[in-house]
Amino acid sequence: MIALVDHKVSYIITNVDWDFSLSSSPIPLLLQQRTRKVYIPHDLKAHTRVWIHSSNGECTPKMCYDFKRPCVILLGWWRCIGSKAIPPSKSCMVWKLIHNTIPSNDQWKRRGFTLPSRCDLCNEDEETSHHLFFHCKYASWLWAWVGSMFWFHDSIHCWEDVKKIFSKKASGQCRVLHYATVISVFNAIWQARNKVRFQNIGFIFSYSISCILDVVSIDGNNADESYLDMQDFMILKSFHISIRPPKAP
């Protein structure tokens, strides 16, 4: 066993070279050989802590925050959420969700709070943002309804699946309809969760659908004109949206 020496490395450095004779306790020969291979810079500075995750070794509060928070990169989503036809009161909630600032139970725990966590909508799993908005039974029902309305046959279980809906080829009113429906679903899930938790009011699936349809119909009717194909035409009619054909040349 090697006895620990309570002094700094600088104590065994003389004239920019290692001098193990200055150590108050003997240092094994093998350790001396390995240590001699370490380069000693000529411009010696005061001892300081170094943050290995930064380029210059400094550690700022912003670096600590960025290192601790989960990284969610969704390039180009601001164009979908910030559509002028969608009310800011709806898009702001999804913006918070994307940036992990919505106050779900997992976000409270990340901030140091200790609390029992259970999904208020299904009572089957711990409440996290991912579970609440994608894997909860209530969320699964809503996403299945969205898939049937848009003829989207894949299951929706994560952000990448939502991105597939946004990337579907559409124009004008139908493209805004994609954005507005997805944003309204997120808002409906969050609203149902808050009603169960704070008002003890059970959620009704048909009521959520009617609320989504009301919001989406307003957004779709405020959207720009469309160059329609038959599929877009049928989707708009299923949402009871008035068709706004392009002006004649």
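Residues numbered from 1 in each chain as written. Predicted model: local features only at pLDDT ≥ 70, side-chain atom pairs only at ≥ 80, totals over all residues. Heavy atoms only, no water.

**Regarding the environment of S83**
Residue placement: S83 occurs in the loop between α3 (77–81) and α4 (88–98). Judged by its relative accessible area of 15%, S83 falls in the buried class. Considering only alpha carbons, one finds S83 and D219, 136 residues apart in sequence, at a separation of 9.6 Å. (Helix = DSSP H or I, 4+ residues; strand = E, 2+ residues; numbered from the N terminus. Buried < 20%, exposed > 50% of the residue type's maximum accessible area, 1.4 Å probe, protein only.)

**Topic: the nonpolar core**
Ranked by internal contacts, the top residues of the largest apolar core, which has 49 residues, are L121, F133, W143, F186, I189 and F239. Elements with a contribution of two residues or more to this core: α4, α6 (129–135), α7 (137–149), α8 (159–166), α9 (173–198), α10 (205–221) and α11 (230–238). If one sorts the elements of this core by residue count, α9 sits on top with 13 residues. Beyond its immediate stretch of four places on either side in the chain, F133 contacts M93, L97, I102, A139, W143, F186, I189 and W190. Judged by nonpolar contacts, the second largest core, of 5 residues, contains W18, F20, I27 and I40. (Core = buried A, V, L, I, M, F, W, Y, C linked by side-chain atoms within 4.5 Å. Contact = heavy atoms within 4.5 Å.)

**What about the packing of aromatic side chains?**
Under the criterion given, the structure shown has 11 aromatic pairs. On the basis of an interplanar angle of 10° and a centroid distance of 6.1 Å, the ring pair of F134 and W143 is categorised as stacked. Judged by relative accessible area, which is 2%, W143 ranks as buried. Three or more aromatic residues link up through ring pairs in this structure, and these residues are F133, F134, W143, W159, F186 and W190. (Phe/Tyr/Trp six-rings, centres within 6.5 Å; stacked < 30°, edge-to-face > 60°.)

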